[in-house]
Amino acid sequence: MIGWLDTILQGLMLGGLYALFATGLSLTFGVMRLVNIAHGDLSILAAYLALVIVQHFGVSPFLSLIAVVPLMAIIGYALQTFLLNDTLGDDILPPLLVTFGLSIVLQNGLMEVFSADSRGLSVGEVQTASLPLGGGIAVGVFPAITLAAAIVVLALMSWLFNSTSLGRALRATSDDQSTAQLMGIDNRRLYAVAMAIAMAVVAVAGVFLAIRTTFDPTSGPARLLYAFEAVIIGGLGSLWGTLAGGMVLGVAQTIGFALSPAWGIAVGHIAFLVVLLIRPNGLFPRTRDA
Amino acid sequence: MQEFVVSRSTRLSRWAGLVALAVVSCLIAMPWWGTRAEIGTTTSFLGIVAMAQMWNLLAGFGGLVSIGQQAYIGLGSYVAVMVALQGGLSIYLSLPLAGIVSAGAAWAISFLLFRLRGAYFAIGAWVVAELLRIVFANTASLGGGSGVSITSALTGIGRWQREAYALWIAIALGVGAVGLVYALLRSANGLAFGAVRDSEAAAESLGVSARRVKLTLYLIASAGCGMVGALMAISNLRVAPDSAFSVDWTAIMFFAVVIGGIGTIEGPILGAIVYLVLRQSLAQYGGWYLIVLGVSAVIVMRKAPRGLWGVLADRFDLRLFPIDHRVRPRERS
Amino acid sequence: MSLLEVNSLSAFYGDFQALFDVDFRAEAGRATAIIGANGAGKSTFLRAVAGFQSPPDEAIRFDGEAIGALKPSRVVGRGVALVPEGRRLFPSLSVEENLKIGGYCGRRGGWTLERVYGLFPVLQERRDAPATALSGGQQQMVAIGRALMGNPRLLMCDEISLGLAPIVIRDIYAALPAILSEGVALVIVEQDIGQALSVAEDVYCFQGGRVTLQGKASDLSRDAISAAYFGV
């Protein structure tokens, strides 16, 4: 019994990591209907950037975020401005193709630079430390930090969207980009800002992933799939639904792993398909029509 | 008064038909004149043509972009394994079976995937392929994660025959895929496909069921990929889950179709040639051919969205497989 | 010199030409009506001035400067606002947020939330409601208020009475003199001739993408306007 409780708790915390991956995907889809196939690969790029910084300056991976987050934001801004803006339109094929191409270029590029070896980032004792909660249950300190980071990021996003001028502009553009232009909103620039924010969040996700587990240049697509599953399970366009979606996926995976290590990921995929079957709009669909 | 004629075939298309017939005949005779390497390359070229054509049917004519067609390549490969190793039947029987099993699986999966639209359908299909990969990787009787060799199922068949059979199957699949797409698009249904791709709402209002059209295309494309999967098993003699269900298959289809020219029959053939040439000429540089391929696809999409064939066709007014009706002033005779 | 000067403006949707060499003037502090049947090119004209077409830069001059080639998001910054046909409020924004986003372009001037609420008091009561939960007339008020929040010098209103009850239309039109008194140039597109002529001093009739009649409202007879409107 306690064993199961422990498993579920771990799954909930893993859900925090998945929510970090999912937030960026959900943001770019919400604002500009762009599904970025290279989303996962960009998070792995962030992990490698952190690796280089950690090795070069001997700093903690947490500290490397100070550089990796703005770097990824700049990459996102440039990517949207020079590559992705021109692909947006009624046809879904161009953005899919371009980001799929980008994904393959990134994977093979990282392979050329860093080889196919698995890498990891270490944060020392924090990595293995755990906090006893009493009753024989303990939570890992690092997973708890991850979940806390996810909640902070989501709270920041929620504030940004609901209480700032930029957030209003993002929502307005999501509703009706043509009328938004009449308000003086330069939609192409706004898309670049949205991608920059998405990539900043993805940078956090990538670094936390790299601390939690090892990664290699081909780790990206799996991250894209988990992020996608969390978004769909949570319900499109719902910020806190994304966290719930990540947690459902995380719990499904940890229960799967507890039953049989080889089937953990599969149970996550099955949970996604089951939600798709019984609640095609996700668990927390956005009620306000937009 | 000016008179007009409506025609589909062009003089060029009739010549192209004759040339194609000659080329196919040469290919059928290839085991008697080609080297082993040439036969192998031709086999994989035709396999790529077949699957690219299937992906083209799905995305270019049905508007359904999927990143999960590797699910059916893998499924078809494993059907071949099961037929040969466990069913004890001739492995060549697995070809039609792979098609049937894939179409059946696609039908079942469509109930889930067709709830997703646009780009989400594309990624959802990928999830399904991943799930299948894990299932087969954990099935010990099929070799588990490291895969299984099917050489034992082919004992008694000489190497020359084996490679010749694989080539002929590839010819049947490649030519069959081109012919099928051509026939489908020239049929009355072809107009329905175009209508659904261009505007689902408008097609529905004319009594075309968009869902049925899409499902039909999805089943055909999946059956086609299943058969190509069986061909890959037969020609590689080995099936492993990670490569059979690899997203690289869809990447190949995607790039061959887009570089060649989406929504045309000639495009994917041209794209398959470009793909193979790139792969062969950059073979010694590891993953660089994929980088070049990815970059070229992005450039093509941005500079020439109708692909290389679109550029050629516009410049020289080429139509090898005419599927549209052309109205021309009647020539005075 | 007029505030807005349009010289031989043409506009296209793909191969279809929607406007043919339109000349147009609008003066500060005056209301100009554009009338014409459906498909006459009225909305296309307003959207072209707002920046949604790319005519030669010189085709549209605003306050002496060429703005034809500017993007819509830049045109607003110069002080040209459009209240689009069908209101086009942002459904995921509240009434107040819709008004606030009208000020996104950052132009300084006399219009504030308080003054918009002063002009349309009912909006203050519904400030936190989702914009699309309001009645049609109230939504139209939000749309006009949203445009005013950008402190425009030229305000273009596309069919603001469409689909509204006469009493509601009267309320909305009652707000226009206050806007004009700020020195704003007002351009009103209407299918309803009577409504347009109630405020406008200058009139343009559009038909088939061309200006078929123009002049002072007081100089034009009803018959002349009808003839230009229906092309008879």
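Numbering of residues starts from 1 in every chain and runs along the sequence as written. Note on labels: chains are lettered from A, ligands numbered from 1, in written order. Given that this is a predicted model, residues contribute local features only at a pLDDT of at least 70 and side-chain atom pairs are listed and counted only at 80 or more, while totals for whole chains, interfaces and linings are drawn from all residues. Calculated side-chain values reflect all of the structure's heavy atoms, with hydrogen atoms and water omitted.

### Focus: helix α1 (residues 42–49) of chain C
Residues and elements named next belong to chain C.
Step number 1: Counting buried residues along α1, six of its eight residues qualify, which places the element largely inside the surrounding structure.
Step number 2: What α1 keeps buried is the set Lys42, Thr44, Phe45, Leu46, Ala48 and Val49.
Step number 3: Helical segments are the DSSP runs of H or I of at least four residues, strand segments are the runs of E of at least two, and each set is numbered from the N terminus. One or two positions beyond α1, positive phi appears at Gly51, with a value near 110°. We call a residue buried when its accessible area falls under 20% of the maximum for its residue type, exposed when it is over 50%, and partly exposed in between, using a 1.4 Å probe and counting protein chains only.

### Digging into the interface of chain A and chain C
Step number 1: Contacts are assigned to residue pairs with any non-hydrogen atoms lying within 4.5 Å of each other. The interface is formed by 21 residues belonging to chain A together with 22 residues belonging to chain C.
Step number 2: In what follows, salt bridge is the name for a side-chain nitrogen of Lys or Arg lying within 4 Å of a carboxyl oxygen of Asp or Glu. Applying the counting criterion to the chain A and chain C interface returns three salt bridges.
Step number 3: A salt bridge links C:Arg88 to A:Asp176, with the nearest nitrogen and oxygen atoms 2.9 Å apart.
Step number 4: Counting of polar contacts relies on pairs of N or O atoms within 3.5 Å, with two restrictions inside protein: one atom must be capable of donating a hydrogen and the other of accepting it, and residues adjacent in sequence are counted only when both atoms are side-chain atoms. Scanning the region where chain A abuts chain C turns up eight residue pairs in polar contact (both at pLDDT 80 or more).
Step number 5: At the level of secondary structure, the elements contributing two or more residues to the side of chain A that touches chain C comprise α6 (165–175) and α7 (177–182) of chain A.
Step number 6: Ranked by the residues each element gives to the side of chain A that touches chain C, the list is headed by α6(A), at six residues.
Step number 7: Here the side of chain A that touches chain C is built from residues that sort into eight nonpolar, six polar and seven charged. As a working rule, the residues Ala, Val, Leu, Ile, Met, Phe, Trp, Tyr, Cys and Pro are called nonpolar, Asp, Glu, Lys and Arg charged, and the rest polar, with Gly in that last group.

### Thoughts on the packing of helix α7 (residues 159–186) of chain B against helix α10 (residues 210–236) of chain B
All names here are of chain B.
Step number 1: Lines fitted to C-alpha atoms define the axes, with helix axes restricted to the stretch in contact, and inter-axis angles between N-to-C directions lie between 0 and 180 degrees. Interaxial distance between α7 and α10 falls to 10 Å at its minimum, and their mutual angle equals 170°. By the angle between their axes, α7 is roughly antiparallel relative to α10. Judged by the twist between their axes, the crossing of α7 over α10 is left-handed. Of α10, the residues touching α7 (which contributes Ala166, Ile169, Ala170, Leu173, Leu180 and Leu184) are Ile220, Met227, Val228, Leu231, Ile234 and Ser235.
Step number 2: Of the residues that constitute the contact of α7 with α10, the class distribution is 11 nonpolar, one polar and no charged. Should an angle fall under 35 degrees it is called roughly parallel, over 145 degrees roughly antiparallel, and 65 to 115 degrees roughly perpendicular, with every other angle called oblique. Left-handed describes a crossing in which the near helix is turned anticlockwise from the far one by less than a right angle; the clockwise case is right-handed.

### A few points about the confidence of the model for chain B
Step number 1: Looking at chain B, the pLDDT average stands at 87 and 91% of residues meet or exceed 70.
Step number 2: pLDDT: the predictor's confidence for each residue, scored from 0 to 100. Mean pLDDT values over the elements of chain B span from 60, in strand β4 (residues 326–329) of chain B, up to 95, in helix α5 (residues 94–113) of chain B.

### Some words on the environment of B:Ala256
All names here are of chain B.
Step number 1: Mapped onto the elements of the fold, Ala256 is located in helix α12 (residues 248–260).
Step number 2: In this structure, the C-alpha to C-alpha distance between Ala256 and Gly307, residues 51 residues apart in sequence, is 9.6 Å.
Step number 3: Ignoring sequence-local partners within four residues, the contact set of Ala256 consists of Ala52, Gly261, Gly267, Pro268, Gly271 and Ala272.

### Here we look at the interface of chain A and chain B
Step number 1: Taken together, the contact pairs 38 residues of chain A with 38 residues of chain B.
Step number 2: Two parts lose some accessible area (1.4 Å probe) when they are put together, and adding that loss for both gives the buried area. Together, the buried faces of chain A and chain B total about 3,600 Å²; carbon and sulfur atoms form 85% of this surface.
Step number 3: Between the two partners, chain A and chain B, sit one salt bridge.
Step number 4: Two residues, A:Asp86 and B:Arg302, come together in a salt bridge whose shortest N-O distance is 2.7 Å.
Step number 5: Counting the contacts that link chain A with chain B gives six residue pairs in polar contact (both at pLDDT 80 or more).
Step number 6: Those elements giving two or more residues to the side of chain A that touches chain B turn out to be α3 (61–84), α4 (93–114), α9 (220–234) and α11 (264–278) of chain A.

### Thoughts on the nonpolar core
Step number 1: Side-chain atoms within 4.5 Å are what join buried Ala, Val, Leu, Ile, Met, Phe, Trp, Tyr and Cys residues into a set we call a nonpolar core. If you look at the biggest cluster of nonpolar residues, it comprises 238 residues, and the most contacted ones within it are B:Tyr218, B:Phe254, C:Phe24, C:Phe45 and C:Leu154.
Step number 2: Among the elements that take part in this core, helix α8 (residues 187–212) of chain A stands out by supplying 18 residues, more than any other.
Step number 3: An automatic or database domain assignment supplies the residue ranges for each domain. Inspection of this core shows a minimum of three residues originating in each of domain 1 (47–246) and domain 2 (247–317) of chain B.
Step number 4: Contacts of B:Tyr218, omitting those with residues within four sequence positions, involve B:Leu58, B:Leu64, B:Gln69, B:Tyr72, B:Ala106, B:Ile109, B:Ser110, B:Leu113, B:Phe114 and B:Phe121.
Step number 5: Core analysis: the second largest hydrophobic core is formed by 37 residues, C:Phe120, C:Val142, C:Met149 and C:Leu176 among them.

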